[in-house]
Amino acid sequence: KAIKVQYYNNPMWPGEAHSLKVEKILYQGKSPYQEVLVFESSTYGKVLVLDGIVQLTDKDECAYQEMITHLPLCSIPSPKKGTTLQVLVIGGGDGGVLREISRHNSVESIDICEIDQLVIDICKDFFPHLSVGFEDPRVQLHVGDAVEFLRNAPEGTYDAIIVDSSDPIGPAQELVEKPFFETIARALRPGGVLCNQAESMWLHTHLIQDMLSICRETFKGSVRYAWTSVPTYPSGVIGFLLCAKEGPPVNFLTPINPIEEVEGATKAGRRSDFIIQSPFNCNLYVKIVS
Ligand code: AAT
């Protein structure tokens with residue numbers, strides 16, 4: 001039996017589809033926001049699907065979670081003394097990004113704003129090696145819409161904001177629009193950084209170009225596009241928009257803040273050693289528009 005995910009009637013990838021062989025359907029349900037499906041695949045382990053789109057699989061989640069987390073966190077200077085960095089995660093209800101942030105001991109607090117309680121609960125049942133991220137005592141969970149959360153966030157608070165959100169059809173629609181980026185810039189402290197899930201350069205060139213120009217207007221520091229390979233995402237590639245707010249300069253090209261393991265923080269996490277060893281050594285940065 002095969003399950004059709006990322007089917008070809010989706011305007012995000014017209015004319016393309018992706019199939020995974022299903023061993024067993026483990027959960028099927030509906031929240032007020034989206035359809036939630038978990039199945040055991042024959043080659044990628046368990047798979048989380050929202051509204052027919054793969055969000056993560058056991059086998060390749062590491063590449064995505066590590067890149068979206070360590071690209072921004074390794075790009076900001078480590079505080080001279082103590083743990084002072086304030087980080088915000090948007091989306092990411094599976095907990096994988098929290099798991100990766102928890103490896104940085106320069107981080108003092110981690111807010112997460114996820115819209116869908118069902119995603120959080122289901123991942124606790126089926127993806128414990130990701131939801132382990134919620135066990136970090138620095139994590140503060142806010143269940144709600146990120147647009148609303150950021151509108152009310154105090155100005156100049158966060159050192160890093162990571163937008164681990166779904167594609168812009170459904171509850172994440174407003175998360176690619178200019179007003180959203182403006183509220184992010186407002187919530188960052190000078191020199192603070194944003195890392196935003198930014199789709200595939202093979203499929204979404206226009207969306208990426210629009211996001212890049214919005215970000216170049218909104219963030220006066222550097223704005224870069226990076227990508228990594230995630231075989232179960234459409235076209236096998238996913239990108240990230242990296243933006244720095246005006247302030248102490250950030251260039252995103254050289255890692256300056258190491259990943260200092262926090263004792264016992266993520267023991268249950270599974271990681272891809274090869275990426276962790278040198279997140280910036282591979283040819284990550286692709287300039288899409290000049
Ligand atoms: N780390 C797994 C990858 C994801 S999960 C995206 C999460 O964003 C989902 O849990 C979804 O419920 C949440 N989300 C969507 N809209 C909002 C919103 N407005 N406010 C807060 N959270 C939201 C992303 C996979 C990317 C797939 C690329 N094709």
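Just so it is clear, the model here is predicted, and its values are computed rather than measured. (Residues numbered from 1 in each chain as written. Predicted model: local features only at pLDDT ≥ 70, side-chain atom pairs only at ≥ 80, totals over all residues. Heavy atoms only, no water.)

(A) A look at the confidence of the model for the chain. The predicted model of the chain has a mean per-residue pLDDT of 87, with 87% of residues at 70 or higher. With pLDDT under 50 throughout, residues 264-290 is counted as low confidence; its partners more than four residues away or in other chains account for 61 contacts. This prediction of the complex comes with two scores: 0.91 for pTM and 0.98 for ipTM. (pLDDT = per-residue confidence, 0-100. Contact = heavy atoms within 4.5 Å.)

(B) Representation of the site of the ligand in the model. Neighbouring the ligand are 27 residues; Gln34, Asp94, Glu114, Asp145 and Asp164 lie closest to it. Within the side chain of Asp94, an N or O atom sits 2.7 Å from a nitrogen atom of the ligand. Residue Ile115 places a main-chain N or O atom 3.2 Å away from a nitrogen atom belonging to the ligand. In the complex, the protein chains occlude 100% of the 670 Å² of accessible area that the ligand would expose alone. Spatially, the ligand is embedded in the largest cavity. Going through the elements one at a time, β5 (53-57), α1 (61-73) and β7 (107-114) are the ones with two or more residues in the shell around the ligand. If you tally residues by element for the shell around the ligand, the top one is β5, at three residues. Looking at the shell around the ligand, its residues break down into twelve nonpolar, nine polar and six charged. (Near = heavy atom within 4 Å. Polar contact = N/O pair within 3.5 Å; in protein donor to acceptor, adjacent residues only side chain to side chain. Areas by Shrake-Rupley, 256 points an atom, 1.4 Å probe, with all protein chains shown as cover. 1 Å grid on protein atoms, 1.4 Å probe; cavity = no way out; pocket = protein on both sides within 12 Å on 5 of 7 lines; lining within 4 Å. Sits in = over half its atoms within 2 Å of the grid points. Helix = DSSP H or I, 4+ residues; strand = E, 2+ residues; numbered from the N terminus. Nonpolar A, V, L, I, M, F, W, Y, C, P; charged D, E, K, R; others polar.)

(C) Seen up close, the state of the cysteines. For the structure shown, the criterion picks out zero disulfides. No disulfide involves Cys195; its sulfur sits 8.7 Å from the nearest other cysteine sulfur, which is in Cys243. With a relative accessible area of 0%, Cys195 lands in the buried category. No disulfide involves Cys215; its sulfur sits 3.7 Å from that of Cys243, the nearest cysteine. Cys215 sits in the buried class, given a relative accessible area of 0%. (Disulfide = S-S within 2.5 Å. Buried < 20%, exposed > 50% of the residue type's maximum accessible area, 1.4 Å probe, protein only.)

(D) Structural context of the packing of aromatic side chains. Enumeration over the complete set of coordinates arrives at three aromatic pairs. Ring geometry for Tyr64 versus Tyr233: centroids 5.4 Å apart, planes at 85 degrees, classification edge-to-face. With Tyr64 in helix α1 and Tyr233 in the loop between β11 (223-229) and β12 (237-244), this pair connects stretches of sequence that are 169 residues apart. For the pair Tyr64 and Tyr233, one class covers both residues: buried. A connected cluster of aromatic rings, assembled from ring pairs, spans Tyr64, Tyr233 and Phe240. Taking NZ or CZ as reference, Lys59 lies 5.2 Å from the ring centre of Tyr44, over its face. (Phe/Tyr/Trp six-rings, centres within 6.5 Å; stacked < 30°, edge-to-face > 60°. Lys NZ or Arg CZ within 6 Å of the ring centre and 35° of its normal.)

(E) Quick peek at empty space enclosed by the protein. Scanning the entire structure with this criterion turns up two cavities of 30 Å³ or more. Estimates place the volume of the largest cavity at around 440 Å³. Lining the largest cavity are 39 residues, with Gln55, Asp164, Ser165, Ser166 and Asp167 sitting closest to its centre. Breaking the lining of the largest cavity down by element, the ones donating at least two residues are β4 (46-50), β5, α1, β6 (85-91), β7 and β12. Partitioned by chemical class, the residues of the lining of the largest cavity number 20 nonpolar, 13 polar and six charged. (Points joined across faces, edges and corners; volume = space filled by probe spheres on them.)

(F) Inspection of unusual backbone geometry at higher detail. Residues other than glycine seldom take positive phi values, yet Asp51 does so here, at roughly 45 degrees. Positionally, Asp51 belongs in the loop between β4 and β5. Looking at Asp51, the relative accessible area reads 37%, which means it is partly exposed. In this structure, Ser235 is a non-glycine residue whose phi angle is positive, near 70 degrees. Examined against the element boundaries, Ser235 turns out to sit in the loop between β11 and β12.

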